[in-house]
Amino acid sequence: MSKGYNSDVEALRQKEYPHMNDGMVPVQFACPPAHPRTGVYLDHSGATIYAKSTVDSFCAKMVANLYGNPHSENFPAKLSGDVVDQVREKTLDFLGASPEHFDLIFVANATAAIKLVADSFRDLSEKTSDRRFWYGYHKDAHTSIVGVRELTYGQSYCFRSDQEVERWLHSPETSSNFVNRYHPGGLGLFAYPGQSNMSGRRLPLAWPGVLRQSEYLQNTYTLLDAAALAMTFPMETVFQDVDQAPDFTCLSLYKIFGFPDIGALIVRKESGHILTLRKYFGGGTVSMVATFGENWHRSKGLQAPTYKLHEGLEDGTLPFHNILALGEAIDVHRKLYGSMSRISDHTSYLVSRLFRGLAGLRHSNGRPLCRIYNENSDFEDSSKQGSAIAFNVLRASGKHVPYSDVERSANAAGIYIRSGGVCNPGGIFTALGYEPWMTERALSAGHHCGSNGISVIHRLPTGIVRASLGAMSTKQDVDTFLDFLRTTFVEDSQDWSPSARTAVRSPRTEGFTLDLPIDYTTSNFPDVREVPRPRPMLHHFATAPEATPRVTPFAMHDLIHGIATVR
């Protein structure tokens, strides 16, 4: 057995996931005979696949018991209430979060959890001197994290790199100007993803603890988007030390279990009281409401210890059938896979295999087939890389194959990936080398997110192709996908001789040439703008990445303007 690879999954696929082969494509969308349905599912970052045993056990309980609305007091209602309480504790235990220090609020998905936190901060900020709160977020954030900035009345900042975050955390008192913060000690919220949902790169988990130790950031809270991270990562690493844990952590649990469709907000109890100061209240979250005369209400969230934190934040009737299914999903998941650590090792092996395979694909003229986007060069380190890879496909000429064409061809072959902007605007435009004016140009040209967008504008792609792996992925899935790319897109061109090296020239210094490996295209987020030029095609980079280049003996000042650097 390959190191880290869980070969038991190959047998599980037949028993627990027959629908991955038999039911991948609805009849009305069935592929033509020339493209058999291979059942290769590589969109686990969107939603992973549910096990047959989960559905069977859930259905068995549904037909054997009567479940009522848990807000009632009858026996069916009490049964539902007991299930909700038990599954809440079971979920916290699965995530490694002690009920002594953490509470769990059931929500629709990670986005709903983010909005709950954002609305609470907006409401509380109205009582501050400038009636707003500061919000900082990382450029790798999901769209739902970015959207919180609209509640800050302009007092927000997007950190463009990990280094900017580190600089701010260690010197917040001198960083107010560059992070657009008027009152460093005022109410604030810092949000970032544990893992980029675009590239799979994992971000430092130590930031919440560092922030909590800062004298100047005592009124700034942390929100960790763990939706992508939790899918293949042991979350006890996040919650085992309550002093280092985020104040708020959001998850979409269907990304871990496939079913049911439900999310969670994990709240550090020492911080959670701030959420109870929100204005809105829904059914079940208040102990008394006045509707005539003076309007007032009493939130359960403010009546501890009579009520628990989650009782003041779960608006309306909970999806108690989904919560029942969640309990079954956790039991089945543990039975099938043992631990999240084992899944982490398994998917790390697979993503490393996929990365090496993509990097090795070449046209007959020696040019690489794929341009891979990631700031992380170690795909075998699970602390740095999750189970997703972002890339684009290149022709032998170096031009981009529209990402929509790649997904369309894969779909016809029974291979299911995702392409486009993948709800990560900062990560996408950083990876593709966009400047603000270029984003506006794309919009003016008619591009927008979704299947009807424009894949390439002025030879610059507007999105990427993403392949993501899950607990039930296999080596065969990876190899089938690589073979599909090879047979579909590799070109047999004789225009110029294959070469192991490619010359990269500076537009300002034509007197010398840098001899760089042809696979430099997997470097740290290069600027991929291309213009017509004689063959062999010489790549022109407008700006150099910040990473230290392995280029000698030329001085650094010769490299700053226009010469590509390679990590």
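**Q** Is there a simple way to explain the pattern of salt bridges in this structure?
**A** Pairs can form between side chains of opposite charge once their charged atoms are near each other. This structure, assessed with the given rule, holds 29 salt bridges. Residue R486 is joined to D483 by a salt bridge in which the shortest nitrogen-to-oxygen separation is 3.4 Å. In this pair, R486 and D483 both sit in helix α17 (residues 475–489), 3 residues apart, roughly one turn of the helix. In this structure D483 comes out as partly exposed when scored by relative accessible area, which is 38%. By sharing partners, the salt bridges in this structure join K139, D140, D162, R201 and E375 into a single network.

**Q** Help me understand the sheet that holds strand β5 (residues 188–193), please; the structure alone is not making it clear to me.
**A** Strands in a sheet are paired, the pairing made by backbone hydrogen bonds, and the direction either parallel or antiparallel. Reading across the sheet, the 7 strands line up as β2-β8-β7-β6-β5-β3-β4 and stay open at both edges, with mixed pairing between neighbours. In this open sheet, the two edge strands, each paired with only one partner strand, are β2 (102–107) and β4 (156–159). Within the sheet, the average angular offset between the axes of one strand and its neighbour, ignoring direction, is 20°. The strands touched by helix α4 (residues 75–95) within the sheet are β2, β7 (248–252) and β8 (263–268), with β2 carrying the most contacts at an inclination of about 115°.

**Q** Just checking my understanding: could you explain the side chain of T222 for this structure?
**A** Relative to the assigned elements, T222 resides in strand β6 (residues 220–225). A residue is classified by how much of its surface remains accessible, and T222, at 1% relative accessible area, is buried. Apart from the residues lying within four places of it in its own chain, the contact partners of T222 are L189, F190, P208, L211, R212, P246, D247 and F248.

**Q** Would you mind going over the packing of α4 against helix α12 (residues 320–337) with me for this structure?
**A** α12 packs onto α4 with a crossing angle of 40° between their chain directions and a minimal axis gap of 9 Å. As far as their axial angle goes, α12 and α4 are oblique. The hand of the α4/α12 crossing is left-handed. In contact with S80, V83, V84, V87, K90, T91, D93 and F94 of α4, α12 contributes F320, I323, L324, L326, G327, I330, D331, H333 and R334. Considering only residue class, the contact of α4 with α12 consists of 9 nonpolar, 4 polar and 4 charged.

**Q** Just to check I follow, could you spell out the environment of D381 for this structure?
**A** Along the chain, D381 turns up in the loop between β11 (370–373) and β12 (388–393). With relative accessibility at 23%, the residue D381 sits in the partly exposed group. Note: C-alpha distance between D381 and S352 (29 residues apart in sequence) is 9.1 Å.

**Q** Even after reading the chapter, I still don't get the packing of aromatic side chains, so can you show me in this structure?
**A** Each aromatic ring pair is specified by the distance between its two centres and by the angle formed by the two planes. Per the counting criterion, the structure on display carries 25 aromatic pairs. Arranged with centres 6.5 Å apart and planes meeting at 80°, the rings of W134 and F159 form a pair that is edge-to-face. With W134 in strand β3 (residues 134–138) and F159 in strand β4, the pair connects residues that are 25 residues apart, well separated along the chain. A single burial state applies to W134 and to F159, both of which are buried. Ring geometry for Y157 versus F178: centroids 5.7 Å apart, planes at 90°, classification edge-to-face. Here Y157 is found in strand β4, whereas its partner F178 is found in the loop between α7 (162–170) and β5, with 21 residues between them in sequence. In this structure Y157 comes out as buried when scored by relative accessible area, which is 15%. Take F178: its relative accessible area is 18%, and that puts it in the buried class. One aromatic cluster is present, formed by W134, Y157, F159, W168, F178, F190, Y192 and W207 through successive ring pairs. Its guanidinium or amino end placed over the ring of F178, R167 lies 4.0 Å from that ring's centre, counting from NZ or CZ.

**Q** Any chance you could explain the sheet that holds β12 here in plain terms?
**A** If you trace the 4 strands from one edge of the open sheet to the other, you get β11-β12-β17-β14, paired in antiparallel fashion. Two strands in the sheet have a free side with no partner beyond their single neighbour: β11 and β14 (418–420). Ignoring which end each strand starts from, the neighbouring axes of this sheet average 30° apart. Strand direction decides the pairing type here: β12 and strand β17 (residues 464–468), joined by 4 bridges, are antiparallel. Paired with F391 across the strands is V465, a residue of β17. Packing against the sheet, helix α14 (residues 403–412) makes contact with β12, β14 and β17, and its axis sits at approximately 160° to β14.

**Q** Can you walk me through the nonpolar core in this structure?
**A** Generally speaking, soluble globular proteins have nonpolar side chains that are buried together. Core analysis: the biggest nonpolar cluster contains 66 residues, and W168, M235 and I266 have the highest contact counts within it. Ranked by residue count, the leading element in this core is α12, at 10 residues. Apart from residues lying up to four places away in sequence, M235 is in contact with L95, A226, L229, A230, T249 and L251. Core analysis: the second largest hydrophobic core is formed by 33 residues, F355, L358, V401 and A467 among them.

Thresholds applied
In every chain, residue numbers begin from 1 and rise along the written sequence. Since the coordinates come from a predicted model, pLDDT governs what is reported: local features require at least 70, and pairs of side-chain atoms require 80 or more to be given and counted, while whole-chain, interface and lining totals use all residues. The basis for every side-chain value is the complete set of heavy atoms in the structure, and neither hydrogens nor water enter the calculation. Salt bridge, as used here, is a side-chain nitrogen of Lys or Arg placed within 4 Å of a carboxyl oxygen of Asp or Glu. Helix and strand definitions here come from DSSP, where helices need a minimum of 4 consecutive H or I residues and strands a minimum of 2 consecutive E residues; each element is numbered from the N-terminal end. Partly exposed residues are those whose accessible area sits between 20% and 50% of the maximum for their type, while under 20% is buried and over 50% is exposed, using a 1.4 Å probe and protein chains only. DSSP-based pairing: two strands are paired if at least 2 bridges between them are found. Here, axes are lines fitted to C-alpha atoms. For helices the fit covers the stretch in contact, and angles between N-to-C directions go from 0 to 180 degrees. Contact criterion: two residues are considered in contact whenever any of their non-hydrogen atoms come within 4.5 Å of each other. Under this scheme an angle from 65 to 115 degrees is roughly perpendicular, one under 35 degrees roughly parallel, and one over 145 degrees roughly antiparallel; angles in between are oblique. Take the far helix as your reference; a near helix turned counterclockwise from it by less than a right angle gives a left-handed crossing, and one turned clockwise gives a right-handed crossing. Polar here means any residue other than Ala, Val, Leu, Ile, Met, Phe, Trp, Tyr, Cys and Pro, which are nonpolar, and Asp, Glu, Lys and Arg, which are charged; Gly is therefore polar. Only rings of Phe, Tyr and Trp enter the pairing, Trp through its six-membered ring, and a pair is recorded when the two centres are within 6.5 Å. The plane angle decides the type: under 30 degrees is stacked, over 60 is edge-to-face, the rest tilted. For a Lys NZ or an Arg CZ to count as sitting over a ring, it must be within 6 Å of the ring centre and within 35 degrees of the ring normal. In plain words, nonpolar cores are sets of buried Ala, Val, Leu, Ile, Met, Phe, Trp, Tyr and Cys residues tied together by side-chain atoms within 4.5 Å.

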